[in-house]
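Summary of the model geometry
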Amino acid sequence: MPELVFFSGTMDCGKSTLALQIEHNRSARGLQGLIFTRDDRAGAGKLSSRLGLVAEAVEVAEDLNFQQHLVRHLTAGGRTDYVIVDEAQFLSPEQVEQLARVVDDLGIDVYAFGIATDFRTRLFPGSQRLMELADRLETLQVEALCWCGARATHNARTVGGRMVVEGAQVVVGDVGEPSGQVGYEVLCRRHHRRRLTAASAGAGALSPDVLPVDEPTAAPNVPPRRGLSDPLRRAGSH
């Protein structure tokens, strides 16, 4: 039976990467799908991951009707075996209901990926409706880490490295924006409650690179670079 599946997690936990992996796996088996996204970091009409993978997608406008779009596509002779929707937290509740009708009335699997809560720890309306209607809820198993090394569970909005708790629910930014710009950081609940970001705590990022890189060979008699134990010990003092 076709399903509406909602994959959720914090920022930086691999949602877009998994969406692209699902697209790759199904297209490799001869299936054809449609990808939808909104406000992707790579620009309009793109689905991208921080690993550098990019796929073409349909940009979701506020007035897009998913069911009508799929019906027009199928009527014109197109084929759709599955639908992938990234940044699903930005959907309206009505658009989520349209996705449910795509599953029930058109018999097409829908895989939605999004963040559950905003920087104020409140559910996005689109995410809330997905939780109410989805056949299956999946929490991403790749754990993003807070600057202290604990599992990150909350998204924080930052300006110049300082956490802010007021403003519009949707402001487009990314993890690690330059100082003075709107950015986002993932935090554990304890440090989100205390509004303690990496910058305000004076802690370095635990993972400055998206992928690991080879360390330069240490010169003779030069001790290797210290690991995560020092920032973790420092984190315990906050």
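Up top you'll find the structure we're talking about.
The notes below deal with the structure included here. Quantities reported herein were computed from a predicted structural model and do not represent experimental measurements.

Notes on unusual backbone geometry
Even without glycine at this site, Glu-87 takes up a positive phi of about 55 degrees. Overall, the relative accessible area of 15% leaves Glu-87 in the buried class. A positive phi angle, near 70 degrees, is found at Thr-121, a position not held by glycine. Tracing the backbone shows Thr-121 in the loop between strand E7 (109-114) and helix H4 (125-133).

Observations concerning the packing of aromatic side chains
Evaluated as defined, the whole model comprises three aromatic pairs. Note on Phe-7 and Phe-113: the rings are 4.7 Å apart at their centroids and 10 degrees apart in plane angle, and the pair reads as stacked. Taken together, the residues span a long stretch of sequence, with Phe-7 in strand E1 (residues 4-8) and Phe-113 in strand E7 at a distance of 106 residues. We note that Phe-7, like Phe-113, is buried. Arranged with centres 6.2 Å apart and planes meeting at 90 degrees, the rings of Phe-90 and Phe-124 form a pair that is edge-to-face. One end of the pair, Phe-90, is in the loop between strand E6 (82-85) and helix H3 (93-106); the other, Phe-124, is in the loop between E7 and H4, with 34 residues separating them in the sequence. Phe-124 gets classed as buried once you look at its relative accessible area, which sits at 6%. A cation over a ring is seen here: Arg-157 above Phe-119, with NZ or CZ 3.8 Å from the ring centre.

Focus: the pairing of E6
Both faces of E6 are covered, namely the face carrying Tyr-82 and Ile-84 and the face carrying Val-83 and Val-85. Bridge count between strand E2 (residues 33-37) and E6: four bridges; the pairing is parallel. For Gly-33, the partnering residue across the bridge sits in E6 and is Tyr-82. Of the pairings in the sheet, the one linking E6 to E7 comprises four bridges and is parallel in character. Bridge assignment links Tyr-82 to a residue of E7, and that residue is Asp-109. Where the polypeptide runs from E6 across H3 and back to E7, its parallel neighbour, the crossover connection is right-handed.

Let's talk about a nonpolar patch on the surface
Together, Leu-123, Met-131 and Leu-137 line one region of the surface with nonpolar side chains, adding up to about 240 Å² of accessible area. Assignment of secondary structure puts Leu-137 in strand E8 (residues 136-139).

Conventions we followed
Residues numbered from 1 in each chain as written. Predicted model: local features only at pLDDT ≥ 70, side-chain atom pairs only at ≥ 80, totals over all residues. Heavy atoms only, no water. Buried < 20%, exposed > 50% of the residue type's maximum accessible area, 1.4 Å probe, protein only. Helix = DSSP H or I, 4+ residues; strand = E, 2+ residues; numbered from the N terminus. Phe/Tyr/Trp six-rings, centres within 6.5 Å; stacked < 30°, edge-to-face > 60°. Lys NZ or Arg CZ within 6 Å of the ring centre and 35° of its normal. Pairing = 2+ DSSP bridges. Right-handed = clockwise from strand over helix to strand, strands pointing away. Patch = residues over 30% accessible without salt bridge, like charges linked within 9 Å, V, L, I, M, F, W, Y side chains within 5 Å. Areas by Shrake-Rupley, 256 points an atom, 1.4 Å probe, with all protein chains shown as cover. Salt bridge = Lys/Arg side-chain N within 4 Å of Asp/Glu carboxyl O.

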